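Each chain, written out:
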Amino acid sequence: MRAAAVIALVFAMALPGTAEIVDRVAVSVGNQVITESRILVDLRVTAFLNRTEPDLSAETRRDAADRLVDQLLIRREMEASTYPLPAESEADAPEKALIASVGGDAPYDDALRKYGVTPEEVKHQLWWQITTVRFIDYRFRPAVQAPRSAVLDEYNREVDQWKARGETSIPNFDDARATMEQIVLEQRANQALDVWLGETRKQVSIIYHKDAFQ
């Protein structure tokens with residue numbers, strides 16, 4: 001039954017008289033799948049946001065697949081915990097800022113065509129970034145702490161970087177402490193997320209289909 005469900009999900013039959021379009025399964029995660037086209041969209045949108053050339057090599061496709069597996073597991077946790085997802089309109093402001101950063105609507109549309117992505121795909125990625133950051137704060141940040149020793153270590157690392165850049169107005173520890181604490185809390189929340197993802201992966205059947213990464 002599962003195989004039949006997977007086939008139903010990934011085969012898109014064209015209209016009579018036209019060619020059949022097949023979207024190959026790249027990863028099976030329990031009873032859900034990540035398709036090859038989804039991986040390619042992720043790579044193109046990520047390159048678009050980073051303003052780099054899309055790299056569609058087998059290695060980067062596998063890296064993207066790993067990211068998408070993590071996203072799927074996080075989405076499952078959101079649903080299981082009845083986490084209230086932010087409205088899609090939350091991505092309006094970052095989308096407007098992105099459009100402005102490339103010079104307006106016309107250059108933005110040209111860039112979208114160049115990368116082979118749609119406005120909806122980009123906006124969804126912006127929304128997902130917001131959603132993930134907020135969920136990490138909600139799910140993992142309450143359980144982590146920022147002891148003074150860790151905050152001081154972070155401050156000293158920042159001071160070294162400031163000096164390396166030639167900055168002269170370097171705040172003292174007391175003035176910078178609140179900012180350093182937030183950095184440490186964020187780092188530890190992300191570390192807690194990584195641990196959780198590692199444990200969750202062990203509890204789910206994850207199969208990478210080699211043909212999609214050749």
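Further up the page is the structure itself.
Every residue gets a number counted from 1 within its own chain, in the order that chain's sequence is written. Reporting of local features is limited, given that this is a predicted model, to residues whose pLDDT is at least 70; pairs of side-chain atoms are given and counted only at 80 or more, and all residues count toward the totals for whole chains, interfaces and linings. Computation of side-chain values covers all heavy atoms of the structure but excludes hydrogens and water.

Draft legend 1. Spatial organisation of the overall build of the protein. Along the backbone of the protein there are 8 helices and 5 strands. Secondary structure is summarised from DSSP: a helix means a run of H or I of at least four residues, a strand means a run of E of at least two, and numbering begins at the N terminus for each. Counted from the first residue to the last, the protein has its helices and strands arranged as α-β-β-β-β-α-α-α-α-α-α-α-β. To sort residues, take the accessible area from a 1.4 Å probe on protein chains only and compare it with the maximum for the residue type: under 20% means buried, over 50% means exposed, and anything in between is partly exposed. Burial status across the protein gives 35% buried among its 214 residues. Of the contacts formed within the protein by residues at least 6 apart in sequence, a portion of 74% connects residues at least 24 apart. The Shrake-Rupley method, run with a 1.4 Å probe, gives the accessible areas here. Residue values count only the displayed protein chains as cover. Just so you have it, the protein exposes about 13000 Å², and 53% of that area is on carbon and sulfur atoms. Whether two residues are in contact is decided by their heavy atoms, any of which lying within 4.5 Å being enough.

Draft legend 2. Up close: the sheet that holds strand β3 (residues 25-29). Whether two strands pair depends on DSSP finding at least two bridges between them. Ordered by their spatial adjacency, 3 strands build an open sheet running β4-β3-β5, and the pairing between neighbours is antiparallel. With one partner strand each, in any of the chains shown, β4 (32-35) and β5 (206-208) form the two edges of the open sheet. Across the sheet, the axes of successive neighbouring strands diverge by a mean angle of 20°, strand direction being ignored. In this structure, β3 lies alongside β5, joined through 3 bridges in antiparallel fashion. Note on β5: the bridge partner recorded for V29 is I206. Under this scheme, a helix contributes an axis fitted over its contacting stretch, all axes are lines through C-alpha atoms, and angles between N-to-C directions fall in the 0 to 180 degree range.

Draft legend 3. Spatial organisation of the packing of helix α4 (residues 92-101) against helix α6 (residues 119-139). Running from amino to carboxyl end, α4 crosses α6 at an angle of 125°, the nearest separation of the two axes being 9 Å. On the basis of their axis angle, the class for α4 and α6 is oblique. The chirality of how α4 crosses α6 is right-handed. For the pair α4 and α6, contact is made by D92, P94, E95 and L98 and by P119, V122, K123, L126 and I130, respectively. Angles are sorted into four bins: roughly parallel if under 35 degrees, roughly antiparallel if over 145, roughly perpendicular if 65 to 115, and oblique for all others. Put simply, a crossing is left-handed when the front helix is turned counterclockwise from the back one by less than a right angle, and right-handed when it is turned clockwise.

Draft legend 4. Spatial organisation of the pattern of salt bridges. A pair is scored as a salt bridge if a Lys or Arg side-chain nitrogen falls within 4 Å of a carboxyl oxygen belonging to Asp or Glu. Scanning the entire structure with this criterion turns up 17 salt bridges. Here E90 makes a salt bridge to R134, at a shortest N to O gap of 3.2 Å. Linking E90 in the loop between α3 (58-80) and α4 with R134 in helix α6, this pair joins segments that are 44 residues apart in sequence. Residues joined in a network through salt bridges with shared partners are R62, D66, D70 and R201.

Draft legend 5. The packing of aromatic side chains, seen in detail. Two rings from Phe, Tyr or Trp (for Trp, the six-membered ring) form a pair when their centres are within 6.5 Å of each other. A pair whose planes differ by under 30 degrees is stacked, one over 60 is edge-to-face, and the rest are tilted. Inspection of every chain in the model, using the stated rule, returns 10 aromatic pairs. For the pair W127 and W128, a centre-to-centre distance of 6.2 Å together with 45° between the ring planes defines the contact as tilted. Judged by its relative accessible area of 7%, W127 falls in the buried class. In this structure an aromatic cluster arises from ring pairing among F48, Y108 and Y115. Lysine and arginine charges are scored as sitting over a ring when NZ or CZ, respectively, is within 6 Å of the ring centre and within 35 degrees of the ring normal. Its guanidinium or amino end placed over the ring of Y208, R62 lies 3.6 Å from that ring's centre, counting from NZ or CZ.

Draft legend 6. Main features of the environment of R38. Within the element layout of this structure, R38 appears in helix α2 (residues 36-50). The spatial distance from the C-alpha of R38 to the C-alpha of A26 is 9.0 Å, given a sequence separation of 12 residues.

Draft legend 7. Fine view of helix α8 (residues 173-202). Any helix carries an expected span of 1.5 Å times its number of residues minus one. The terminal C-alpha atoms of α8, which comprises 30 residues, lie 41 Å apart, in line with the 44 Å expected from a rise of 1.5 Å per residue. Looking at the buried positions of α8, the neighbouring elements they touch are α3, α6 and α7 (148-164). Its side-chain oxygen 3.2 Å from the backbone nitrogen of D174, N172 forms the N-cap of α8. Residues adjacent in sequence count toward polar contacts only when both atoms are side-chain atoms; beyond that, a polar contact is any pair of N or O atoms within 3.5 Å, and within protein one must be able to donate a hydrogen and the other to accept it.

Draft legend 8. Structural view of the side chain of R61. With respect to the helices and strands, R61 occurs in helix α3. Neither His nor the chain termini are counted; the positive set is Lys and Arg, and the negative set is Asp and Glu. Here R61 is buried and forms no salt bridge, its nearest opposite-charge partner E36 lying at an N-O distance of 4.2 Å. Reaching out from R61, the side chain makes a polar contact with the backbone oxygen of L56 at a distance of 2.9 Å. At 2.9 Å, the side chain of R61 forms a polar contact with the backbone oxygen of Q214. Beyond its immediate chain neighbours, meaning those up to four positions away, R61 contacts E36, I39, L40, L43, L56, A212, F213 and Q214.

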